Amino acid sequence: MKQQRGFTLIELVMVIVILGILAAVAIPRFVDLRTDAAVAATQGVAGALSSGSAINYAQFTAKGTATSVQNCTDAAALLQGGVLPSGYAITSAALSPLTTGSVTTTCEVAKTSNPTATVTFTAIAVAP
């Protein structure tokens, strides 16, 4: 009885066809990952801005001291280093200046480089 020592041409062609079908299905799913990554990164910056704002408000209510945050753009001062990461900008500053107390508002942060993304975050303006 003769023993087979490799793959036949038909088996090799079938493997290539199956790999081609898988590639044709998988590639379109991964083409748009840059946009998803930009949105996720922008959501991370927005989360940091929102958390910083909440921590600042908690310090204001607990101790009576806080960093003065008068509008949406001032929220960047609450981040480590006191500035937004490069390539990001706060695109709305809807609050009017406060003299005392606090107010909550929705602000927008945008990734300005390609691909762009815009995400909203909640900021608490505090005027100690």
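In the block above lies the structure referred to throughout.
Rules behind the numbers
Residues numbered from 1 in each chain as written. Predicted model: local features only at pLDDT ≥ 70, side-chain atom pairs only at ≥ 80, totals over all residues. Heavy atoms only, no water. Core = buried A, V, L, I, M, F, W, Y, C linked by side-chain atoms within 4.5 Å. Buried < 20%, exposed > 50% of the residue type's maximum accessible area, 1.4 Å probe, protein only. Helix = DSSP H or I, 4+ residues; strand = E, 2+ residues; numbered from the N terminus. Contact = heavy atoms within 4.5 Å. Disulfide = S-S within 2.5 Å. Phe/Tyr/Trp six-rings, centres within 6.5 Å; stacked < 30°, edge-to-face > 60°. Polar contact = N/O pair within 3.5 Å; in protein donor to acceptor, adjacent residues only side chain to side chain. Expected span 1.5 Å × (residues − 1).

Caption draft 1: Local environment of the nonpolar core. Counting residues in each nonpolar core, the largest one holds 15 residues, and the members touching the most others are V45, L49, L84, I90, V109 and F121. Elements supplying a minimum of two residues to this core: helix 2 (33-63), strand 1 (88-90), strand 2 (101-111) and strand 3 (117-127). Non-local contacts of I90, meaning those with residues more than four positions away in its chain, are made with L49, C72, T73, A76, L84, E108, V109 and F121.

Caption draft 2: Geometry of the state of the cysteines. Under the defined criterion, the tally for this structure stands at one disulfide. Shown here is the disulfide that connects C72 with C107, its sulfur atoms set 1.9 Å apart. With the S-S dihedral at roughly -70 degrees, the linkage between C72 and C107 falls on the left-handed side. On the criterion of sequence distance, the pair formed by C72 in the loop between helix 2 and strand 1 and C107 in strand 2 is long-range, its members being 35 residues apart. Residue classification places C72 among the buried residues on the basis of a relative accessible area of 0%. Judged by relative accessible area, which is 0%, C107 ranks as buried.

Caption draft 3: Expanded view of the packing of aromatic side chains. If you walk through the whole model with that rule in mind, you get one aromatic pair. Geometrically, the ring pair formed by Y57 and F60 is tilted, given 6.4 Å between the ring centres and 40 degrees between the ring planes. On the criterion of helical spacing, the pair formed by Y57 and F60 is a turn pair, its members being three residues apart in helix 2. Accessibility expressed as a relative area gives 29% for Y57, which makes it partly exposed. Residue F60 is classed as buried on the basis of its relative accessible area of 18%.

Caption draft 4: Structural view of the environment of V39. In this fold, V39 is placed in helix 2. Assessed through its relative accessible area of 31%, V39 is described here as partly exposed. C-alpha separation for the pair V39 and A110, spaced 71 residues apart in sequence, amounts to 9.3 Å. If we ignore the near neighbours within four places in the chain, the residues touching V39 are A117 and V119.

Caption draft 5: Expanded view of the side chain of N56. Looking at the secondary structure, you find N56 in helix 2. N56 gets classed as buried once you look at its relative accessible area, which sits at 3%. Aside from chain neighbours lying at most four places away, what touches N56 is A66, T67, V69, L78 and V126.

Caption draft 6: Representation of the side chain of K111 in the model. Note that K111 resides in strand 2. Separated by 3.4 Å, the side chain of K111 and the backbone oxygen of P115 make a polar contact. Not counting residues up to four positions away in its chain, the partners in contact with K111 are A38, T42, G87, Y88, T116 and A117.

Caption draft 7: Spatial organisation of helix 1 (residues 9-31). Between its terminal C-alpha atoms helix 1 stretches 33 Å, which fits the 33 Å expected from 23 residues at 1.5 Å a residue. With zero of 23 residues buried, helix 1 lies mostly on the surface of the structure.

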